[in-house]
Amino acid sequence: MTKENLLLLAHYNIWATDRLIQHLTNVSDDDFHKDISLFFKSISGTLNHLLLGEHYLWYSRFNDGISPSIALDTIVHHDKTQLLNELQSKSKHWINFIQDLDESRLVSDLSYQRSNGEALCLPFTATLMHVFNHGTHHRGQITAALTALGYDCPELDLVYMLAEQNRLNKKNES
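Summarised in this report is the structure supplied together with it.

Here is what the cut-offs are and how they apply
Residues numbered from 1 in each chain as written. Predicted model: local features only at pLDDT ≥ 70, side-chain atom pairs only at ≥ 80, totals over all residues. Heavy atoms only, no water. Helix = DSSP H or I, 4+ residues; strand = E, 2+ residues; numbered from the N terminus. Rg over C-alpha atoms; globule rule 2.2 N^0.38 Å. Buried < 20%, exposed > 50% of the residue type's maximum accessible area, 1.4 Å probe, protein only. Areas by Shrake-Rupley, 256 points an atom, 1.4 Å probe, with all protein chains shown as cover. Lys, Arg positive; Asp, Glu negative; His and termini not counted. Charge placed at Lys NZ, Arg CZ, Asp CG, Glu CD. Salt bridge = Lys/Arg side-chain N within 4 Å of Asp/Glu carboxyl O. Contact = heavy atoms within 4.5 Å. Phe/Tyr/Trp six-rings, centres within 6.5 Å; stacked < 30°, edge-to-face > 60°. Core = buried A, V, L, I, M, F, W, Y, C linked by side-chain atoms within 4.5 Å.

For the rest of this paragraph, the subject is the overall build of the protein. Secondary structure summary: the protein contains seven helices and two strands in total. For the protein, the α and β elements follow one another from N to C terminus as α-α-α-α-α-β-β-α-α. For a compact globule of 174 residues, the expected C-alpha radius of gyration is about 16 Å, and the protein comes in at 17 Å, within 12% of that figure. Overall, the protein is about 55 × 45 × 20 Å in size when its C-alpha atoms are taken along their principal axes. Counting across all 174 residues of the protein, residues that qualify as buried make up 42%. In the form shown here, the protein has an accessible surface area of approximately 9300 Å², with 50% of it arising from carbon and sulfur atoms. Both charge centroids of the protein, one from 14 positive and one from 21 negative side chains, sit 2 Å from each other.

Our focus in this paragraph is the side chain of arginine 61. Within the secondary structure layout, arginine 61 lies in helix H3 (residues 43-64). Buried charge without a partner: arginine 61 forms no salt bridge, and the closest opposite charge is glutamate 118, 9.7 Å away. Not counting residues within four places of it along the chain, the set of residues in contact with arginine 61 comprises Ile66, Ser67, Leu110, Tyr112, Gln113, Arg114 and Ser115.

We now examine the pattern of salt bridges. Pairing of side chains with opposite charge becomes possible as their charged atoms draw close. Under the definition given, this model contains four salt bridges. Between arginine 19 and glutamate 164 there is a salt bridge, and its shortest N-O distance comes to 3.7 Å. Residue arginine 19 is found in helix H1 (residues 3-24), and its partner glutamate 164 is found in helix H7 (residues 158-173); the two are separated by 145 residues along the sequence. Lysine 34 is the partner of aspartate 31 in a salt bridge, and the nearest nitrogen-oxygen pair spans 3.0 Å. Judged by relative accessible area, which is 14%, aspartate 31 ranks as buried.

The next subject is the packing of aromatic side chains. Across all of its chains, the model carries eleven aromatic pairs by this definition. Ring geometry for phenylalanine 39 against phenylalanine 40: centres 5.0 Å apart, planes inclined by 75°, an arrangement best described as edge-to-face. Ring geometry for tryptophan 94 against phenylalanine 97: centres 5.8 Å apart, planes inclined by 90°, an arrangement best described as edge-to-face. One end of the pair, tryptophan 94, and the other, phenylalanine 97, are both in helix H5 (residues 93-99), three residues apart, so they sit about a helical turn from each other. Neither residue differs from the other here; tryptophan 94 and phenylalanine 97 are each classed as buried. Among the aromatic residues, ring-to-ring pairing joins Trp58, Tyr59, Phe62, Trp94, Phe97, Tyr112, Phe124 and Phe132 into one connected group.

With that settled, consider the nonpolar core. In terms of nonpolar packing, the biggest core is built from 21 residues, with Leu24, Ile43, Leu47, Leu87, Ile142 and Leu146 touching the most fellow members. Within the residue set of this core, elements represented by two or more residues are H1, H3, helix H4 (80-91) and helix H6 (124-148). With six residues, the top contributor of residues to this core is H1. Once residues within four sequence positions are removed from consideration, isoleucine 142 is found in contact with Leu20, Leu24, Ile43, Thr46 and Leu47. Within the second largest apolar cluster, 19 residues are counted, among which are Phe62, Ile98, Leu128 and Val131.

Remember that the coordinates give geometry; whether it matters functionally is a separate question.
As structure tokens, this is what we get:
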């Protein structure tokens, strides 16, 4: 896995987050907070987990070398607008992190402590890939919930982003 591959995943993470957020603005507050039997109960709970995991835990581990001890079901924001805004803005942090990454880190390990205090040492690149895969997993849960609740949901497959980029590139070449 190269920095270029990781940047693709980071850009996809931003793109998918932005598209999902566009659809979530139309969801009523009741439906947004309703317990619909997701692992983190609601759309709100799942998004809070996504924000917490991706940015408060993993970004701190990768960028700052610290391992915060925070429960995975912590509610960072009850307010939908604050939650969506922070998810959207923080998703962009991964781009600079990866661009500034020394290539030697890609073949190193990441040492950190899980929220329960267990020390782990895992392959750096594979663990970074996990962060983006984790976001994809939870966005998929949310799109299924949107469908079940009767809302439109976006197509979030990576190939849709690639096709969109391809159309924009062809348009810019014209």
